Structure formats: C-alpha cells, structure tokens
Amino acid sequence: MKRLVQAAVAALVLAAAMPASAQKVLKVGSTPTGVPFTFLDTKTNSIQGIMVDLITEIGKDAGFQVQIEPMQFSTLIASLTSNKIDIISAAMFVTPARKEVIDFSEPFYSYGEGLLVPKSDTKTYTKQDDLKGEVVGAQVGTAFVDALKKSGLFSEVKAYDTIPDILRDVNAGRLKAGFADYPILAYNLKQGGFPEARIVESYKPATVGSVGIGVRKGDTELLAKINASLAKLKANGTVEKILDKWGLKAQGA
C-alpha cells in the first residue's frame, strides 16, 4: 500500500512539473490544397500556410499545442463533429448553415470567389449572368458550389475535390470557367504552373464571406481562448506579419 501511495504521489508531482503546453495537444484539421491558406509542403511533407501559422501562434498564446491533421475540405466539419479533430483551421467561410453545426471564432479574413477562364477567352465578364448556360466548376463542400447550383444559371456545375483540379481543367480547355477562393487562385497562378488560365479581374464576386476558426458546437471554453488570442495577435501585429509572409494584405476589423 505504501508503495502505491508513493507511486501516486510521484505521478502527481511529475504531472505538476510538466508544462501546460505538453499536457494539451489539440488536433487541427487543415487541407493540403488551399495555398496560401493551407497546402502540403512536399519538402517537409507537412501542411503549411496562413491558417497553420495562425493556429500555431494562437496555441502558443492560449496554452495548447497543435497537431495538424491533413484532410480534404469536404471532410473537415464531419471530422470535427465526430471528435476526430478538435479545431478547423482552413480557408472556411463562416456561413449560417455551418454555424448550425459548429461554432466559429471571430472573422479572420474576408474575400469572395474569383472567376477563372482559359487565357484564350478574352471576354470581359463582370457577373455570373455573363456565363449563363455554360458548364462551370467549383470545389465540393464550399459556399461557392452551393450558390452556383442554386442560381440556376448554368447548364452544369461540376464539383471538384480540389482547386488545383479546377485550374488544370480550365488550363487545358476542358472547362469553360471555374469559381474558387480568389486569394488561392491568384497565388496558384503566380507560381506559373497554369500558363493557359487567367483570373478575370473585371469580375465582381457574388459570394463574399469571412474565414473563421471552427470548434465543436458548445465548446465555449476553447472558443473563448481562441477569440482572446486572436484579438491579441491582431493588436500586436502578428496577424499582419503572417498575412504579409504569404503575400496578402491585412484588412480592417
């Protein structure tokens, strides 16, 4: 009995001596195809990008470590609600439908969809109506694909697993037009891998949203920590530095 008591006391002392960050590791769902927000760095075989840098800095401030779990965008919410991950940190818009299922932090960044067409198509498109009756594409699980289908404007809305898949089909002339997150399209095109595709700068987005960090519904303690740290990182310039690192400009609150 004495040995059991001594062992228990030793375990408690050891636990107390461990830093809090070592005791709390949260699994964070991110996608491998949302550059510059999230992407697979083939050199390190790890997910990198704006949202990884952001949640890592939030974790440092809030007192938890992050373990990045790569997964397709369309599986993020299901993985969160089934407890496979604890946080979503990706280019995910805060929408009413999603807020019914999970909770979001305060907005981090706002943008709309970009329009991608083959470079040979030199028309000046300004709105979705300009492509009425055409076959277009968008990424499955995003706010864009649902909005495009509901508009009833197009003969078909093809759902793609990733944005690079859309870029490849437009670049090869297999798709009339693609709609996707403007910053992600712009970053990909700057890398030079899709020389036969272009972003239509005259196009005005129909779906504008704000990116937030997702947590399980009712996890108020974690949400409060994330919001408090996010506010601090915005105030001290850390958020601006992260955005600048990846070629984006900071926005107003």
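Residues numbered from 1 in each chain as written. Predicted model: local features only at pLDDT ≥ 70, side-chain atom pairs only at ≥ 80, totals over all residues. Heavy atoms only, no water.

Peer 1: It is not clear to me how the packing of aromatic side chains should be interpreted in this structure. Could you clarify?
Peer 2: When we look at a pair of aromatic rings, we describe it by the centre distance and by the angle of the planes. Counted according to the given criterion, the structure contains 9 aromatic pairs. Summarising the aromatic geometry, the rings of F39 and W246 are spaced 5.5 Å apart at their centres and angled 75° between planes, so their arrangement reads as edge-to-face. Here F39 is found in strand β3 (residues 38-41), whereas its partner W246 is found in the segment after α10 (238-245), with 207 residues between them in sequence. Residue classification places F39 among the buried residues on the basis of a relative accessible area of 17%. For W246, a relative accessible area of 12% puts it in the buried group. Centroid distance F93 to F144: 5.5 Å. Interplanar angle 80°. Geometry classified as edge-to-face. Here the residue F93 occupies a position in the loop between β6 (87-88) and α5 (96-99), and F144 occupies one in helix α6 (residues 143-151), the gap between them amounting to 51 residues. Classification of F93 as buried rests on a relative accessible area of 4%. Put simply, the rings of F37, F93, F108, Y109, Y111 and F144 pair up and form one aromatic cluster. (Phe/Tyr/Trp six-rings, centres within 6.5 Å; stacked < 30°, edge-to-face > 60°. Helix = DSSP H or I, 4+ residues; strand = E, 2+ residues; numbered from the N terminus. Buried < 20%, exposed > 50% of the residue type's maximum accessible area, 1.4 Å probe, protein only.)

Peer 1: Would you mind showing me how to read the packing of helix α3 (residues 50-62) against α10 here?
Peer 2: When two helices pack together, you describe them by how their axes are tilted relative to each other and by the distance separating the axes. Closest axis-to-axis distance for the α3/α10 pair is 9 Å, and the angle between their directions is 155°. As judged from the angle between their axes, α3 and α10 are roughly antiparallel. Where α3 crosses over α10, the handedness of that crossing is right-handed. Every residue of α10 that contacts α3 at I50, D53, L54 and E57 is listed here: T238, V239, I242, L243 and K245. (Axes fitted to C-alpha atoms, helices over the stretch in contact; angles between N-to-C directions. Parallel < 35°, antiparallel > 145°, perpendicular 65-115°, else oblique. Left-handed = near helix turned anticlockwise from the far one by under 90°. Contact = heavy atoms within 4.5 Å.)

Peer 1: Mind showing me how you'd approach the environment of V200 here?
Peer 2: Relative to the elements of secondary structure, V200 occurs in the loop between β12 (197-199) and β13 (208-211). Taking the C-alpha atoms as reference points, V200 and T122, separated by 78 residues in sequence, lie 8.9 Å from one another. Leave out the neighbours within four places in its chain, and V200 touches L115, V117 and Y125.

Peer 1: Can you help me understand the sheet that holds strand β4 (residues 46-48) in this one?
Peer 2: Sheet strands pair via backbone hydrogen bonds, and the direction of the pair is either parallel or antiparallel. Read from one edge of the open sheet, 3 strands run β2-β3-β4, paired in antiparallel fashion. Every other strand in the sheet has two partners, leaving β2 (33-34) and β4 as the edge strands with one partner each. Across 3 bridges, the pairing between β3 and β4 is antiparallel. The partner of D41 across the bridge, within β4, is S46. (Pairing = 2+ DSSP bridges.)

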